[in-house]
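Examination of the molecular architecture
Each chain, letter by letter, is given below.
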2 protein chains.
Amino acid sequence: MLQADLLIKNVKVFNSAFKHFYDSAVAVRAGRILYVGTQALNQIEAKATVDGGGQYLVPGLIDIHLHIESSMITPPAFSEMLLRNGVTTCVAEPHEIANVFGMDGVLSFLALSQKCAADIFYGIPSSVPSTALETSGGTIGTEDLHRLLQDPRVLCLGEVMDCRTLVQYPDSHIAQMVAAMQRERNMPIIEGHCPRFRGLALARILFCGVDSDHTEQTPQGMRERIANGMFVEIQEKSLTQEIIDFCVKNPVGGHFCFVTDDVMADQLQKGHLNRLVRKAIALGMPPEDAIYAASASPAARMNLRDRGSVAPGKLADFLLLDDLRQFRVKQVYKRGVLVKENKKENKAAGHFFPERFYHSVHLPLRTEKDFLVFTPPGSQAVHCRVIAVQPGTTFTEEQIVRLPATQGRLNWKSNSQLCLGTVFERHHGSGRVGMGLLTGSCLHAGAAATSYAHDHHNLFVVGRDERDMALAANMVIKNGGGICVVRDGKVLELVPLAVGGILSEEPAEQVGRKVACATAALRALGWQHENPIMSLCTVSLPVSPALKLTDRGLVDVQGGHIVPLFLEEE
Amino acid sequence: MLQADLLIKNVKVFNSAFKHFYDSAVAVRAGRILYVGTQALNQIEAKATVDGGGQYLVPGLIDIHLHIESSMITPPAFSEMLLRNGVTTCVAEPHEIANVFGMDGVLSFLALSQKCAADIFYGIPSSVPSTALETSGGTIGTEDLHRLLQDPRVLCLGEVMDCRTLVQYPDSHIAQMVAAMQRERNMPIIEGHCPRFRGLALARILFCGVDSDHTEQTPQGMRERIANGMFVEIQEKSLTQEIIDFCVKNPVGGHFCFVTDDVMADQLQKGHLNRLVRKAIALGMPPEDAIYAASASPAARMNLRDRGSVAPGKLADFLLLDDLRQFRVKQVYKRGVLVKENKKENKAAGHFFPERFYHSVHLPLRTEKDFLVFTPPGSQAVHCRVIAVQPGTTFTEEQIVRLPATQGRLNWKSNSQLCLGTVFERHHGSGRVGMGLLTGSCLHAGAAATSYAHDHHNLFVVGRDERDMALAANMVIKNGGGICVVRDGKVLELVPLAVGGILSEEPAEQVGRKVACATAALRALGWQHENPIMSLCTVSLPVSPALKLTDRGLVDVQGGHIVPLFLEEE
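Notes on the structure in this doc start here. Quick caveat: nothing in here was measured; it's all calculated off a predicted structure.

Glancing now at the relation of the copies chain B and chain A. Of the transformation placing chain B onto chain A, the axial shift is 0.0 Å and the rotation is 180 degrees, giving an RMSD of 0.0 Å. The relationship between the two copies is best expressed as a two-fold rotation axis. The C-alpha atom lying nearest the rotation axis in chain B is that of N303 of chain B; the distance is 3.7 Å. Taken as a fraction of all interface residues of chain B, those also at the interface in chain A reach 100%, which identifies the copy contact as same-surface.

Laid out in structure tokens, this is it:
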């Protein structure tokens, strides 16, 4: 008799090769699948036998493109949330923590992930800082890349944000990172970010070695990517009826997968990659294909040869579902051990990081005076560049507004459509401040401050009133980081983010509730957006068009340089 | 304008993702494909433009399971033959040269391959020697494995010959090699040899980490392998109508590929992997699927991410065909350079190896007396174990024959069905000799000698007459190795194999002609087999059933031990 640790009988097992369910049993030994079938069961002696009750048994889900920091929780807390949702493996790209702490940040994530129940692999952040037009707390260079590749959990070069620069400037930081990756590894996996690229521009990205894309897709763009050998990672915003129709009608299985990219803490309570699978099925994708796109397909993309299917020798990572089309995960097994029975408590709260990670907002308290905007001597009025925040996108537009100046100060409140925005450099104590004006879908009252501000994570404060702005800023500073919403001298909501100013160590549910409250508060103050916090935190992101604000000033993203707040008068 | 080195216009380009040909053009830069399409051609400036004349452009073929030594030529000569047949990449498993020279042999192949025009990757020989029941010239152990993995051209652990031992004996050499591979590499590729295994036995092989098979397939066995996550490598003997029908009717693309395994020097003149593609098409496989199974599919198996399709960023390895169904290769491009226009001359003859490689048959000349078989004192007659050689297989059977003894010597010539076989240890000068008798499909006259004798490559001599046997043996010894066929005191044919006694440095055509002549001579002397040389050289192979002969004596393969020539009399 052959010994097994576990035998699960009476299940419909998903076969990844034939994309089909077969009535079968699964035997597990030492965390791996020993046997799938029924004929040899009389030759197997199991320490424990489970009746699967006729449920569906599918591979643990694999998410190969996500950022843990987007959920504002730590790797251990994130791991628990993954497993609760049936995700047993992920590939994380930790560029947010890298922007705050550089290699120390990445290494802290690697160390913490070692003990996580979910397998957390990593991509090397390729674009830290994202531009030279911002001040980050840390950088990731080619020497760091070399060091990170010594860890077998590091699988790829993560998300090349700026493919245009890669293609055009062989001396650029990103081109050097790609070249270093190609020197270090034979035929490396290099993840891309290729919004809207087509034709020769797309070919040139592939020629440079970048061969995946996770940006928003159209059917035509997706077809062109796949035909050119690119792997497409479908995140929720690409999960449209037309994309699902395209995937169903064309033989593209194995050329795409589902990924979550960024899931806010409040949304994480509602699901993770499992939500995308469910949504794909609801939009008409056969469950077999949707499961494949969240298991075997991403595993192959990352050359994770030991998982992605339920077959002998593979890790015993699998889920039991009582309803296939609803994709209702009832039990989760990781390495053959039951880790979840639909429990809703998150235990991974703690104090995980080195002490200095809790003291990363290096700024004195702010006063109203810190929010005064000085105009050129003698000016009566100035033409100002204004960031127009758009609902439904993180792209902004540039507007020009004429404003009066009084006693050398800009009287921006004279225009009822405007907010003031300031970015205080908070990593190195440089005292550098970037100032700008916002309009459009942002605040019509009060103020908000956040130390979670893409990608540099300086302290970004926006508001209608200097007193509220100072209060919001100081709440964040006093808490060592966070997101704060204020109105009329009162703190409406606070999300403390004590770790590097971007993460909380509270239980995921608690963080989720606070994020939801802050979201609601921002909305109530006028920030109309499907994700107001994301919108707030990307006003400072100098890689997505058009006009953004960093500690170095206003950034003309397309032009790739800093522009002054005031237009030169002719 | 974007610069390109080469632009090929007016071709039907195979798209691996959609398995479809599209009228297109291909631009090449720096040995890689820059662009595939037509729309952007006005933005590309090429140093050279070629009119493809409407031909088919397909990826260079990739053969991931073969043994160069089976063709008895050197890596440079082999590379030329590969390219002539449209094979631009292969993964070779050099266990023959390893059996003669150990690591030095493998390293010599790696060094010689560096300068070859075809890309020759390697698997680590996992089973050198193949058993403990033979004396090889070298061994490959776990330290060698570690050293070989430092070379990026080493992709996998090659052909685990003896899966039964792997599964049953965790302390065995093969189990240690597999364990070492798994320690050294995350999720390594381990190639298997799993003849006829099914059910739990097959699952246990997969559980050990071996996940491919290249032995003869049945449709049922192939289905079971693929369903269990095994990759199937189809060699010519599996290229049957029923296997092709299975592949056409089932969604198994990507789970199998074509491989050549062993191609004798004479057969190599007729083609290589291209022959299998042609044959598959002739048996009814759509050309697109056959091409996929010889390019994209094997590339994915070996994680060769930079080749296997014609797409931007991939190596510019491709073929032009004027006839798709005949798979007639007219031009071969390797890294964007035309390497072949159907030329039939092989230039890679030379003197490539260290001097000692030419002096590897360490044996004094033989005399008739070396072929006397002594019987136990006083015996009048003995029962002997006899190797029955079968036509059409390398498996043998055991027969028992009663033979008279005269003056202490076995009178085996008294039975007109018998040959004598001897294996002289030739690596270490031990003087060890194994003796046995053969019957069935072997010689009815004369003698043959070979230093190419699987896997240990000692000097195997078989014959009807001691004088002929000594002559054949001495021809091989004097030439530093080879295959020699003799009759009535005359040398009929000689294939000199001066390198390690297993390879020739003569041009491939010449070696092929000599191999063909030796084959014909063996046949004329009665060795009826589709491949008499293969049959001859595997009488000494102690891993395929049932009774074999090494320098240590007769091997009961199933029992796994040496058995005496004479049965003990009761």
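Moving on from the coordinates now.
The next thing to look at is the nonpolar core. Within the largest apolar cluster, 160 residues are counted, with the highest numbers of intra-cluster contacts made by I124, F256, F258, F327, L437, L438 and W527 of chain B. Looking at which element gives the most residues to this core, the answer is helix 14 (residues 466-478) of chain B, with 7 residues. Setting aside anything within four residues of it in sequence, one finds W527 of chain B in contact with V389, L438, S441, C442, L443, V462, L522, P532, S535, L536 and V539 of chain B. By size, the runner-up hydrophobic cluster in this structure holds 159 residues, among which are L112, V329, V499 and L549 of chain A.

Counted under the stated rule, the structure contains 49 salt bridges over all chains. For the salt bridge of D370 of chain B with R366 of chain B, the shortest nitrogen-to-oxygen distance reads 3.9 Å. With relative accessibility at 27%, the residue D370 of chain B sits in the partly exposed group. Measuring nitrogen to oxygen at the nearest pair gives 3.7 Å for the salt bridge that ties R385 of chain B to E398 of chain B. Of this pair, R385 of chain B sits in strand 17 (residues 381-389) while E398 of chain B sits in strand 18 (residues 396-406); the two residues are 13 residues apart in sequence, bridging distant segments of the chain. Take E398 of chain B: its relative accessible area is 38%, and that puts it in the partly exposed class. The structure contains a network of salt bridges with shared partners spanning D119, D306, R307, D317, K334 and R335 of chain A.

In this section: the pairing of strand 7 (residues 87-92) of chain A. All names here are of chain A. For strand 7, a buried count of 6 out of 6 residues is recorded, marking the element as mostly surrounded by other parts of the structure. Two elements, strand 6 (residues 61-66) and strand 7, share 4 bridges in a ladder whose sense is parallel. In the strand pairing of strand 7, L66 is matched with A92. Read from strand 6 through helix 1 (residues 75-84) to strand 7, the crossover connection turns out right-handed.

Rules used throughout
- Residues numbered from 1 in each chain as written.
- Chains lettered and ligands numbered in written order.
- Predicted model: local features only at pLDDT ≥ 70, side-chain atom pairs only at ≥ 80, totals over all residues.
- Heavy atoms only, no water.
- Least-squares fit on C-alpha atoms with pLDDT ≥ 70 in both.
- Contact = heavy atoms within 4.5 Å.
- Core = buried A, V, L, I, M, F, W, Y, C linked by side-chain atoms within 4.5 Å.
- Buried < 20%, exposed > 50% of the residue type's maximum accessible area, 1.4 Å probe, protein only.
- Helix = DSSP H or I, 4+ residues; strand = E, 2+ residues; numbered from the N terminus.
- Salt bridge = Lys/Arg side-chain N within 4 Å of Asp/Glu carboxyl O.
- Pairing = 2+ DSSP bridges.
- Right-handed = clockwise from strand over helix to strand, strands pointing away.

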